[in-house]
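Each chain is listed here by its residues.
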Amino acid sequence: MHKNGTRLQSQVCDTQVIVVRTGEQLDDLRCGGAVMQPVGAARTDGPVIDPGLVGGNVMGKRYVDDIGAEVLVTKAGAGTLSVGANPMSVKDAKPLPASD
């Protein structure tokens, strides 16, 4: 299981993330349909980006799944972040308290 603070990279695009909140489901964290790997791991020629998962991601945004796992994008890329076949969504920003 990926620990909080683990840095991962895509095998099919430029995406890099940091795990903010982990969960067992993050063992199947994917980008563009390919399983993500630790930053610095050698890329192989095998995986190619899934044409149905090219929605991209945004640097500096947090992405979450339905169970509560969360990653922070540190380098944007063309692939859609997903847990297995389930795309992750951008985490909504919390409103700041009113200052009267």
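Check the entry above for the structure.
The rules behind each value
Going along each chain's sequence as written, the residues are numbered from 1 onward. Per-residue local features of the predicted model are confined to residues with pLDDT of at least 70, and side-chain atom pairs are confined, for both listing and counting, to 80 or more; whole-chain, interface and lining totals are unaffected and use all residues. Side-chain calculation: all heavy atoms of the structure are included, whereas hydrogens and water are not. Paired strands, in this sense, are two strands between which DSSP finds at least two bridges. Helix and strand assignments come from DSSP, with helices taken as H or I runs of at least 4 residues and strands as E runs of at least 2, each series counted from the N terminus. We define a salt bridge as a side-chain nitrogen of Lys or Arg found within 4 Å of a carboxyl oxygen belonging to Asp or Glu. Should any heavy atoms of two residues lie within 4.5 Å, those residues are counted as being in contact.

Here the focus is the sheet that holds strand E1 (residues 7-9). With respect to topology, 6 strands assemble into an open sheet ordered E5-E1-E2-E7-E6-E10, the strand pairing being antiparallel. For this open sheet the edge positions go to strand E5 (37-38) and strand E10 (89-90), each flanked by a neighbour on one side alone. Note: strand E6 (residues 62-64) against strand E7 (residues 70-75), 3 bridges, orientation antiparallel. Within E7, the residue paired with Arg 62 across the bridge is Leu 72.

If you walk through the whole model with that rule in mind, you get 4 salt bridges. Arg 30 is the salt-bridge partner of Asp 28, the closest N and O atoms lying 2.8 Å from each other. Close ionic contact of Arg 62 with Glu 70 constitutes a salt bridge, the shortest N to O distance being 2.8 Å. Each of the salt bridges in this network shares a partner with another, and the network as a whole consists of Arg 21, Arg 62, Glu 70 and Lys 91.

With that settled, consider the side chain of Gln 37. With respect to the helices, strands and loops of the structure, Gln 37 is situated in strand E5. Beyond its immediate chain neighbours, meaning those up to four positions away, Gln 37 contacts Arg 7, Leu 8, Gln 9, Gln 11, Ala 42 and Arg 43.

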